[in-house]
Amino acid sequence: MTSKPVLGARNVHLTYGDTVALRGASLELTAGERVALMGPSGSGKSSMLHCLAGIIRPDLGEVTLEGAGLDGLPERVRSARRLQRMGIVFQFGDLVPELTLIENVMLPLQLLGGKKSAARATAMDLLAALDIDRVADKRTGAVSGGQAQRAAVARALVHRPAVVLADEPTGSLDTVSAELVLDAMVSLSSQLGAALLVVTHDNLVAAHLDRHVVMRDGVVTTTAEVLR
Amino acid sequence: MPTSHTLLALLEREPAHGYTLKRQYDERFAQTRPLAFGQVYASLARFEKQGWACVTDVVAGEGPERKRYRITPEGVEVVDTWVFEPQSPGVFSTSSLFARVSVALMSGRSAQTVLANQRATHLVRMRELTALRKTADPGGVLAISYELAHLDADLRWIAESGERLDKVRDGIAGEKR
């Protein structure tokens, strides 16, 4: 890999109590690339994603975002960097249930200091692109799982992040909804030039992505490009 | 022979010439490789010989005679048996992939490379199929989903086998001693 990584973890170790989750795992993402992070349960995939996102600070090793250290920063600064430069999608969306879909999608822009009217217009454009603008003013409990998850994708991308991280984003969806969510995430990330890392155990999800990284027992064991 | 039985089943819908049968087969069943005319005409000749189909009329033209075939009650029975008889699960354990991995392990070649290459090839095909599925008609979606499910099963086996190769290799080395 010759281009400069936009997000990277180098020789990362992480332990929860007596359980060793990561044992010197390394992974780099370059701008615009689309990567599947695979491996059996307990292999360390989600721990790796949490370290890369700066949600968890590794015991050892280094995480960098756009060339600057991330793991050594205080929690408040890591949160700010995450808000500015990353978008994250979890398996169950994690939208705020008291807000409507569009209010959820507007959140990152407003937290970054954007005006409400501009945030609303940008969010609505994105919801339209994902074909869920007609349910924009409904709360998450009043829409389908697939619609809520597409809104979560919109929220992750609305502020044009450098990196999108997704942890089993289609794991709770039926095949048709999963396909819509995945297509939305892959095409929007590509349009924005954002790097995309998807943690998945699903080969059909991985088939949408260009590089496959496999973890086992807390380390990266294989990395392979998928030719198109 | 699934291809010839499928041709016979197509004939069940209405009498047809060899050319029409080939076109219908290619539209519905030939995902990547169209059927050869020779195979269609050889199958029709065999159906006639076995009493599964008969010639209804012959049209003479500039080229060779064009025979139209109709399925017989015996042919319908053959289709019935073929459709409803479960396939022996044994066919799934005789794949070339399993044999190649085994040979690699026995001969000291890299079984990991065999698995990795097959994994990459399967994923490329999976990507092609998921793209095709978006525009396929309902019959096409059924065929594509079938192939995707089998690719997925292979990929799961590849992932699982990757973890076991060392043990299997050790076992084979033990047998040699």
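Residues numbered from 1 in each chain as written. Chains lettered and ligands numbered in written order. Predicted model: local features only at pLDDT ≥ 70, side-chain atom pairs only at ≥ 80, totals over all residues. Heavy atoms only, no water.

## Considerations on the layout of surface pockets
- For the second largest pocket, the calculated volume is near 660 Å³.
- For the lining of the second largest pocket, the elements supplying multiple residues, two or more each, are β9 (211-216) and β10 (219-225) of chain A together with α6 (111-133) and α7 (138-176) of chain B.
- In terms of residue count, α7 of chain B provides more of the lining of the second largest pocket than any other element does, 7 residues in total.
- Tallied by class, residues from the lining of the second largest pocket come to 12 nonpolar, 9 polar and 6 charged. (1 Å grid on protein atoms, 1.4 Å probe; cavity = no way out; pocket = protein on both sides within 12 Å on 5 of 7 lines; lining within 4 Å. Points joined across faces, edges and corners; volume = space filled by probe spheres on them. Helix = DSSP H or I, 4+ residues; strand = E, 2+ residues; numbered from the N terminus. Nonpolar A, V, L, I, M, F, W, Y, C, P; charged D, E, K, R; others polar.)

## Quick notes on the nonpolar core
Residues and elements named next belong to chain A.
- With 42 residues, the main nonpolar core has Val89, Val105, Leu127, Met185, Leu196 and Val198 as its most contacted residues.
- Not counting chain neighbours up to four residues away, the residues in contact with Val105 comprise Ala123, Leu127, Ala151, Ala154, Arg155 and Val158.
- Core analysis: the second largest hydrophobic core is formed by 30 residues, Ala21, Ile88, Ala195 and Val213 among them. (Core = buried A, V, L, I, M, F, W, Y, C linked by side-chain atoms within 4.5 Å. Buried < 20%, exposed > 50% of the residue type's maximum accessible area, 1.4 Å probe, protein only. Contact = heavy atoms within 4.5 Å.)

## Here we look at the interface of chain A and chain B
- The interface of chain A with chain B comprises 18 residues on the first partner and 15 residues on the second.
- In total, about 1,400 Å² of surface goes out of reach between chain A and chain B, with carbon and sulfur atoms giving 52% of it.
- Ranking the residues of chain A by area buried against chain B places Asn203, Leu204 and Ala207 of chain A at the top, with a combined share of 38%.
- Across the salt bridge formed by Glu179 of chain A and Lys134 of chain B, the nearest N and O atoms sit 3.0 Å from each other.
- Where the side of chain A that touches chain B is concerned, the elements lending two or more residues are β3 (34-38), α6 (175-192), α7 (203-206) and β9 of chain A.
- Per-class residue counts for the side of chain A that touches chain B are 8 nonpolar, 4 polar and 6 charged. (Buried area = accessible area lost by both parts, 1.4 Å probe. Salt bridge = Lys/Arg side-chain N within 4 Å of Asp/Glu carboxyl O.)

## Considering the environment of Asp71 of chain A
Residue and element names in this part refer to chain A.
- By the secondary structure assignment, Asp71 is in the loop between β5 (68-69) and α2 (75-85).
- A sequence separation of 17 residues divides Asp71 from Gly54, and the C-alpha atoms of the two residues are 6.2 Å apart.
- For Asp71, the residues in contact, after removing those within four places along its chain, are Arg57, Pro58, Gly61, Glu62, Val63 and Arg78.
- Of note is the side chain of Asp71, whose polar atom sits 2.8 Å from the backbone nitrogen of Val63. (Polar contact = N/O pair within 3.5 Å; in protein donor to acceptor, adjacent residues only side chain to side chain.)

## Observations concerning unusual backbone geometry
Residues and elements named next belong to chain A.
- Here the phi dihedral of Asn11 falls at roughly 50°; this positive angle occurs in a residue that is not glycine.
- You can see Asn11 is positioned in strand β1 (residues 5-16).
- What makes Asn11 partly exposed here is its relative accessible area of 42%.
- Positive phi, normally seen in glycine, also occurs at Glu66, with a value near 50°.
- Following the sequence through the fold, Glu66 ends up in the loop between β4 (60-65) and β5.

## Details of the confidence of the model for chain B
- Considering every residue of chain B, the mean pLDDT works out to 85; 90% of them sit at 70 or more.
- Per-element confidence in chain B ranges from a low mean pLDDT of 83 for α7 of chain B to a high of 93 for helix α3 (residues 37-50) of chain B. (pLDDT = per-residue confidence, 0-100.)

## Quick notes on the packing of aromatic side chains
Residues and elements named next belong to chain B.
- Enumeration over the complete set of coordinates arrives at 5 aromatic pairs over all chains.
- Seen from their ring centres, Tyr25 and Phe29 are 5.5 Å apart, and the 40° between their planes marks the pair as tilted.
- Ring geometry for Phe98 versus Trp157: centroids 6.4 Å apart, planes at 65°, classification edge-to-face. Taken together, the residues Phe98 in helix α5 (residues 96-107) and Trp157 in helix α7 connect sequence positions 59 residues apart.
- Using a relative accessible area of 44% as the deciding quantity, one classes Phe98 as partly exposed.
- Overall, the relative accessible area of 30% leaves Trp157 in the partly exposed class.
- It is Lys22 that lies over the ring of Phe37; its NZ or CZ is 5.2 Å from the centre. (Phe/Tyr/Trp six-rings, centres within 6.5 Å; stacked < 30°, edge-to-face > 60°. Lys NZ or Arg CZ within 6 Å of the ring centre and 35° of its normal.)

## With respect to the side chain of Ser177 of chain A
- One can find Ser177 of chain A in helix α6.
- Side chain to side chain, Ser177 of chain A and Asp174 of chain A meet in a polar contact 2.9 Å long.

## A closer look at the sheet that holds β5 of chain A
Residues and elements named next belong to chain A.
- Ordered by their spatial adjacency, 4 strands build an open sheet running β2-β1-β4-β5, and the pairing between neighbours is antiparallel. Edge positions in the open sheet fall to β2 (19-30) and β5, since each of these has one partner strand only.
- Looking at chain direction, β1 and β4 are connected through 5 bridges and run antiparallel. Bridge assignment links Arg10 to a residue of β4, and that residue is Glu62. (Pairing = 2+ DSSP bridges.)

## Here we look at the side chain of Gln147 of chain A
Residue and element names in this part refer to chain A.
- Mapped onto the secondary structure, Gln147 falls in helix α5 (residues 145-157).
- Under the relative-accessibility criterion, Gln147 is labelled buried at 12%.
- Contact partners of Gln147, with chain neighbours within four places excluded, come to Leu101, Ile132, Arg134 and Val135.

## Let's talk about the packing of helix α2 (residues 18-28) of chain B against α3 of chain B
Residues and elements named next belong to chain B.
- Contact geometry of α2 with α3 gives a least axis separation of 10 Å together with a crossing angle of 120°. Taken as axis vectors, α2 and α3 run oblique relative to one another. Two packed elements cross with a definite hand, and for α2 against α3 that hand is right-handed. Two secondary-structure elements touch here, α2 through Gly18, Tyr19, Leu21 and Lys22 and α3 through Phe37, Val40, Tyr41 and Leu44.
- Grouping the constituent residues of the contact of α2 with α3 by class yields 6 nonpolar, 1 polar and 1 charged. (Axes fitted to C-alpha atoms, helices over the stretch in contact; angles between N-to-C directions. Parallel < 35°, antiparallel > 145°, perpendicular 65-115°, else oblique. Left-handed = near helix turned anticlockwise from the far one by under 90°.)

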